[in-house]
Amino acid sequence: MGLKEIRERILAAEIAAGRPQGATELIAVSKVQPLERVEAVLEAGHRVFGENRVQEAQGKWPDFKERFDGVELHLIGPLQTNKARAAFELFDVIHSLDRPKLATTFARLADETGHCPPVFIQVNTGEEPQKAGLLPAETDAFVTQVRDLGLPLRGLMCIPPVDEEPSLHFALLAKLAERNGLEGLSMGMSSDFESAIALGATHVRVGSAIFGDRDYG
Ligand SMILES: *Cc1c(COP(=O)(O)O)cnc(C)c1O
């Protein structure tokens, strides 16, 4: 696969769902990928990337941002409170706001720095004990809290359980977003982004289908 094919499949999914062309932002998830693969996607003109670790992103993106104009970097992985300041400096959007303590830390940093990246609240739609995110039943109250803190809340994000039909989780996330008046839906990865688009995804996070398999060796 590759960038061009993924873009074509996103467009086809938007058309099939009766959604406007370009309704879905493609976040190219570059975590763990060799730098030359990331560079090739930058050379091809893509500018929106996702990373799941602050430290890993700090190692490659300051240099890429200097060499390529208009890079937009999204944090899609869990964020430790003590890395929030670094995340504010490097990332343009944060998809993993997953607990009250992090929200109050964001509010404090926003006060101090005069800036806060747009955020998505991560929802643990599968209610998996090991997974980050608010439980669906806690989500409405947390949305209110985040709004009361004045954070720029864009939407909700989920990572469905690996062994379940993702559509059910995408539909649940869409319902939670709608009833809270949120437009942004960060959902869908390499194996399921088309069904996420059918259910209203505004941001799909696609890694291996663009770059090839990640080598964790
Ligand atoms: C790694 C990752 C992705 C991309 O996964 P692929 O299956 O390679 O597309 C998407 N979202 C999150 C949160 C990730 O950590």
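Use the structure listed above.
These numbers were taken from a predicted model, which means no experiment stands behind them.

1. Considerations on helix α6 (residues 136-148)
1) Next: Between its first and last C-alpha atoms α6 spans 19 Å; for 13 residues at 1.5 Å apiece the expected length is 18 Å, and the two agree.
2) Next: Of the positions making up α6, those classed as buried are Pro136, Thr139, Phe142, Val143 and Val146.
3) Next: Backbone geometry just after α6 places glycine 150 at a positive phi near 80 degrees.

2. A few points about the layout of surface pockets
1) Next: In this structure, the largest pocket encloses a volume near 620 Å³.
2) Next: Taken together, 26 residues form the lining of the largest pocket, with Lys31, Ile159, Met189, Arg205 and Arg214 sitting closest to its centre.
3) Next: Across the lining of the largest pocket, the residue classes break down as twelve nonpolar, eight polar and six charged.
4) Next: Looking at the second largest pocket, its volume works out to about 150 Å³.
5) Next: What lines the second largest pocket is Asn52, Arg53, Val54, Gln55, Pro78, Leu79, Gln80 and Lys83.
6) Next: Of the residues contributing to the lining of the second largest pocket, the split by class is three nonpolar, three polar and two charged.

3. Considering the environment of threonine 24
1) Next: Residue placement: threonine 24 occurs in the loop between α1 (3-16) and β1 (25-29).
2) Next: By relative accessible area, which is 8% here, threonine 24 ends up buried.
3) Next: For the pair formed by threonine 24 and leucine 134, sequence separation is 110 residues and the distance between their alpha carbons is 24 Å.
4) Next: What threonine 24 contacts, discounting residues up to four positions off in sequence, is Ile10, Glu14, Arg19, Ile197, Ala201, Thr202, His203 and Val204.

4. Section: the site of the ligand
1) Next: Around the ligand sit Val29, Lys31, Ile76, Ile159, Met189, Ser190, Arg205, Val206, Gly207, Ser208 and Arg214, and those are all the residues in its vicinity.
2) Next: A distance of 2.5 Å is found between an oxygen atom of the ligand and a side-chain nitrogen or oxygen belonging to serine 190.
3) Next: Given that more than half its atoms are within 2 Å of the pocket grid, the ligand belongs to the largest pocket.
4) Next: Its residues assigned to classes, the shell around the ligand shows five nonpolar, three polar and three charged.

5. What about unusual backbone geometry?
A negative phi angle characterises most non-glycine residues, just as the trans form characterises most peptide bonds.
1) Next: Of note, valine 32 is a non-glycine position whose phi angle comes to about 70 degrees, a positive value.
2) Next: Note on valine 32: relative accessible area 27%, which makes it partly exposed.

6. Some details on the nonpolar core
1) Next: By size, the foremost hydrophobic cluster in this structure holds 61 residues, and its most contacted members are Trp61, Leu97, Phe106 and Ile121.
2) Next: Residues in contact with isoleucine 121, not counting those within four places in the same chain, are His95, Leu97, Leu134, Phe142, Val143, Val146, Leu153, Gly155, Leu156 and Met157.

7. Section: the packing of aromatic side chains
1) Next: Enumeration according to the criterion identifies four aromatic pairs in this entry.
2) Next: Ring pairing ties together the aromatic residues Phe49, Trp61, Phe64 and Phe68, which thus form one cluster.

8. Remarks on the side chain of histidine 169
1) Next: As for its placement among the helices and strands, histidine 169 is situated in helix α7 (residues 166-179).
2) Next: In this structure histidine 169 comes out as buried when scored by relative accessible area, which is 6%.
3) Next: Setting aside chain neighbours within four positions, we find histidine 169 in contact with Thr125, Gly126, Cys158, Pro160, Pro161 and Glu164.

9. Brief notes about the pairing of strand β5 (residues 119-122)
1) Next: On β5, burial covers both faces: Val119 and Ile121 on one face and Phe120 and Gln122 on the other are all buried.
2) Next: Where strand β4 (residues 93-97) and β5 come together, two bridges link them in parallel fashion. Counted as the bridge partner of leucine 97 is isoleucine 121 from β5.
3) Next: Across four bridges, β5 lies against strand β6 (residues 153-157) in parallel orientation. Counted as the bridge partner of glutamine 122 is methionine 157 from β6.
4) Next: Following the backbone out of β5, through α6 and into the adjacent parallel β6, one traces a crossover that is right-handed.

Here is what the cut-offs are and how they apply
Residues numbered from 1 in each chain as written. Predicted model: local features only at pLDDT ≥ 70, side-chain atom pairs only at ≥ 80, totals over all residues. Heavy atoms only, no water. Helix = DSSP H or I, 4+ residues; strand = E, 2+ residues; numbered from the N terminus. Expected span 1.5 Å × (residues − 1). Buried < 20%, exposed > 50% of the residue type's maximum accessible area, 1.4 Å probe, protein only. 1 Å grid on protein atoms, 1.4 Å probe; cavity = no way out; pocket = protein on both sides within 12 Å on 5 of 7 lines; lining within 4 Å. Points joined across faces, edges and corners; volume = space filled by probe spheres on them. Nonpolar A, V, L, I, M, F, W, Y, C, P; charged D, E, K, R; others polar. Contact = heavy atoms within 4.5 Å. Near = heavy atom within 4 Å. Polar contact = N/O pair within 3.5 Å; in protein donor to acceptor, adjacent residues only side chain to side chain. Sits in = over half its atoms within 2 Å of the grid points. Core = buried A, V, L, I, M, F, W, Y, C linked by side-chain atoms within 4.5 Å. Phe/Tyr/Trp six-rings, centres within 6.5 Å; stacked < 30°, edge-to-face > 60°. Pairing = 2+ DSSP bridges. Right-handed = clockwise from strand over helix to strand, strands pointing away.

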